[in-house]
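Structural description and commentary
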Amino acid sequence: MKRREEVECQICHGTFPAGEALSAEMVRPAVAALIREKHPEWSPAGYICLADLNHFRMEHVEGVLEAERGELSSLDADVMRSLRAIKLATLCALALYPLGCLVRLAASEGTAVGLALDIAGLLLVLAAIGAFAFMAPTNWQRIVGEEEGLLDERELQQRYRAQAFGYSVFAVLTMVTLIYFAIGTDIGNQKGIQVWLPGSFVHWSAFIWGAVLYAFTLPTAYLAWTVPPPPEEE
Ligand SMILES: [Zn+2]
């Protein structure tokens with residue numbers, strides 16, 4: 001039998017099977033920088049065993065949390081906004097926008113009730129946009145929108161999951177809408193039954209802005225509803 005390849009860990013100098021150590025090149029730059037502080041001889045050509053790597057990863061995450069806590073106490077009012085408020089904001093953005101559009105659509109022109117409904121619908125749409133503006137500068141939105149280099153590994157994992165979720169939901173909604181348009185057009189043409197279809201620039205722009213709002217809000221909503229809140233200050 002062929003002997004499995006073994007590599008030497010640069011940190012503890014033990015030898016490990018290739019599966020229990022990682023090539024130094026694969027270590028994230030932020031973690032590598034931390035290792036180099038204590039081990040100046042660190043070489044990207046060598047290896048590190050998983051136990052040592054995990055140790056430095058933990059140290060890195062702790063450092064990031066520490067730094068975040070520092071920022072928090074100074075000026076980051078955004079993280080102080082309670083998770084509850086952000087959950088509520090994502091729900092408002094996602095629910096009030098379509099509701100406002102429907103109310104405006106239902107408002108008939110030329111009557112007092114119609115005008116009141118029209119204004120109510122507009123207010124709902126504005127509330128949805130306000131909710132979006134509220135959550136935009138928060139930590140959850142930062143995980144979605146920030147440059148990759150400025151996030152730690154845990155945040156990157158969260159971002160990938162949030163984006164995958166947002167993409168799936170967005171794709172399903174788009175499919176359902178397109179199928180509705182297709183079937184609605186067909187029924188309208190063949191059977192003469194009135195099916196509502198967007199018929200003006202205002203209708204179409206409501207769809208376009210709704211798509212923009214949903215595309216940006218869905219990943220944040222996922223994070224707000226699934227990720228535990230950042231550590232509270234003692
Ligand atoms: Zn080691």
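Conventions we followed
- What you see as residue numbers is a count from 1 along each chain, following the sequence as written.
- Owing to the predicted nature of the model, reporting of local features is limited to residues with pLDDT of at least 70; listing and counting of side-chain atom pairs is limited to 80 or more, with chain, interface and lining totals taken over all residues.
- Numbering of helices and strands starts at the N terminus; helices are DSSP runs of H or I of at least 4 residues and strands are runs of E of at least 2.
- Contact between residues is assigned whenever the C-beta positions, reconstructed from backbone atoms, fall within 7 Å.
- Think of a nonpolar core as buried Ala, Val, Leu, Ile, Met, Phe, Trp, Tyr and Cys residues chained together by C-beta atoms that fall within 7 Å.
- With C-beta atoms placed from the backbone, a residue is buried if 20 or more other C-beta atoms are within 10 Å of its own, exposed if 12 or fewer are, and partly exposed between those counts.
- To get an axis, a line is fitted to the C-alpha atoms, and for a helix only the part in contact is used. The angle between two axes follows their N-to-C directions and goes from 0 to 180 degrees.
- Any angle from 65 to 115 degrees is called roughly perpendicular, while one under 35 is roughly parallel, one over 145 is roughly antiparallel, and all others are oblique.
- Take the far helix as the reference: if the near one is turned anticlockwise from it by less than a right angle, the crossing is left-handed, and if turned clockwise, right-handed.
- Gly falls in the polar group here, along with every residue not listed as nonpolar (Ala, Val, Leu, Ile, Met, Phe, Trp, Tyr, Cys, Pro) or charged (Asp, Glu, Lys, Arg).

Turning to the overall build of the protein, a few remarks are in order. In terms of helices and strands, the protein carries eight helices and four strands. For the protein, the sequential pattern of α-helices and β-strands runs β-β-β-α-β-α-α-α-α-α-α-α. Here the analysis covers contacts within the protein between residues at least 6 apart in sequence; of these, 67% occur between residues at least 24 apart.

Another point: the nonpolar core. Ranked by size, the top nonpolar core spans 21 residues in total, and within it Ala89, Cys92, Ala93, Leu96, Tyr97, Ala128 and Ala131 carry the most contacts. Listing elements by their share of this core, those giving two or more residues are helix H4 (83-106), helix H5 (112-135) and helix H8 (201-226). Here the element with the most residues in this core is H4; it accounts for eight residues. Apart from the residues within four sequence positions on either side, Tyr97 is in contact with Val125, Ala128, Gly210 and Leu213. Counting 10 residues, the second largest nonpolar core, distinct from the first, contains Val27, Ile35, Leu53 and Phe56.

Moving on to the packing of H4 against H8. For any two helices packed against each other, the geometry comes down to the angle between their axes and how far apart the axes lie. Running from amino to carboxyl end, H4 crosses H8 at an angle of 155 degrees, the nearest separation of the two axes being 10 Å. Here H4 lies roughly antiparallel to H8, going by the angle between them. The two elements H4 and H8 meet at a crossing, and its hand is left-handed. Touching Leu83, Ile86, Lys87, Thr90, Ala93, Leu94, Tyr97, Pro98 and Cys101 of H4 are Ala206, Gly210, Leu213, Tyr214, Thr217, Thr220, Ala221, Ala224 and Trp225, all from H8. Taken together, the residues that form the contact of H4 with H8 break down as 13 nonpolar, four polar and one charged.

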